[in-house]
Amino acid sequence: MADEARRAPEALLMVAEEPVSPQLLGRLLELAPARVEELCAELAAEYEADERGFELARVAGGYRYQSHPTMSVYVERFVLDGQSARLSAAALET
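Thresholds applied
Residues numbered from 1 in each chain as written. Predicted model: local features only at pLDDT ≥ 70, side-chain atom pairs only at ≥ 80, totals over all residues. Heavy atoms only, no water. Pairing = 2+ DSSP bridges. Helix = DSSP H or I, 4+ residues; strand = E, 2+ residues; numbered from the N terminus. Axes fitted to C-alpha atoms, helices over the stretch in contact; angles between N-to-C directions. Parallel < 35°, antiparallel > 145°, perpendicular 65-115°, else oblique. Contact = heavy atoms within 4.5 Å. Nonpolar A, V, L, I, M, F, W, Y, C, P; charged D, E, K, R; others polar. Expected span 1.5 Å × (residues − 1). Buried < 20%, exposed > 50% of the residue type's maximum accessible area, 1.4 Å probe, protein only. Arc of directions from axis to C-beta. Core = buried A, V, L, I, M, F, W, Y, C linked by side-chain atoms within 4.5 Å.

*Asks:* Hey, could you run me through the pairing of strand β1 (residues 54-59) in this one?
*Replies:* Along any regular strand, the residues point their side chains to alternate faces of the sheet. Direction of pairing for β1 relative to strand β2 (residues 62-67): antiparallel, over a ladder of six bridges. Note that in β2 the partner of Phe54 across the bridge is Ser67. Linking two consecutive strands that pair antiparallel, namely β1 and β2, is a turn of two residues; a positive phi of about 50 degrees is found at Ala60 within it.

Shown next, in the form of structure tokens:
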């Protein structure tokens, strides 16, 4: 169960479109919001220690995954170059 309690927030946050509050995560995971906060802090510290390209960030009262700030040059390149390759000519004109 301990392993599942650590993996479940990852799964939920991976599909969330908006930051998810510790209260909502707690209800979904059947954990106290304080325990959710602890789990998220542990996960965020692990990602930072592993020097991942993403981070678990506290934003707008909730948690979300986002690209690590040190990777911004690659993200910007993807957004600028990658988007033009995937958008139609009409969408680019807009």
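*Asks:* Help me understand the packing of helix α2 (residues 22-29) against helix α3 (residues 33-49), please; the structure alone is not making it clear to me.
*Replies:* A packed helix pair is summarised by two numbers, namely the angle formed by the two axes and the spacing between the axes. Contact pair α2 / α3: the axes reach a minimum separation of 8 Å and the direction vectors enclose 100 degrees. With respect to their mutual orientation, α2 and α3 come out roughly perpendicular. Judged by residue contacts, Pro22, Gln23, Leu25 and Gly26 of α2 engage Pro33, Val36, Glu37 and Cys40 from α3. When grouped by side-chain class, the residues that make up the contact of α2 with α3 number five nonpolar, two polar and one charged.

*Asks:* Would you take a moment to explain α3 for this structure?
*Replies:* Think of an α-helix as turning once every 3.6 residues; residues three or four places apart then point the same way. Here α3 contains 17 residues, and its C-alpha end-to-end distance of 24 Å stays within 8% of the 24 Å for a straight helix at 1.5 Å per residue. Here α3 has its buried residues at Val36, Leu39, Cys40, Leu43 and Tyr47. Relative to the axis of α3, the buried residues are bounded by an arc of 100 degrees and lie together on one face. The exposed set on the far side of α3, more than 90 degrees from its buried face, consists of Ala34 and Ala49.

*Asks:* Just checking my understanding: could you explain the nonpolar core for this structure?
*Replies:* Note on soluble globular proteins: their nonpolar side chains tend to be buried together. Leu13, Val20, Leu25, Leu29, Val36, Cys40, Leu43, Tyr47, Leu56, Tyr63 and Tyr65 form the largest nonpolar core, which has eleven residues in total. Taken together, the elements giving at least two residues each to this core come down to α2, α3 and β2. Broken down by element, this core gets its largest block of residues, four residues, from α3.

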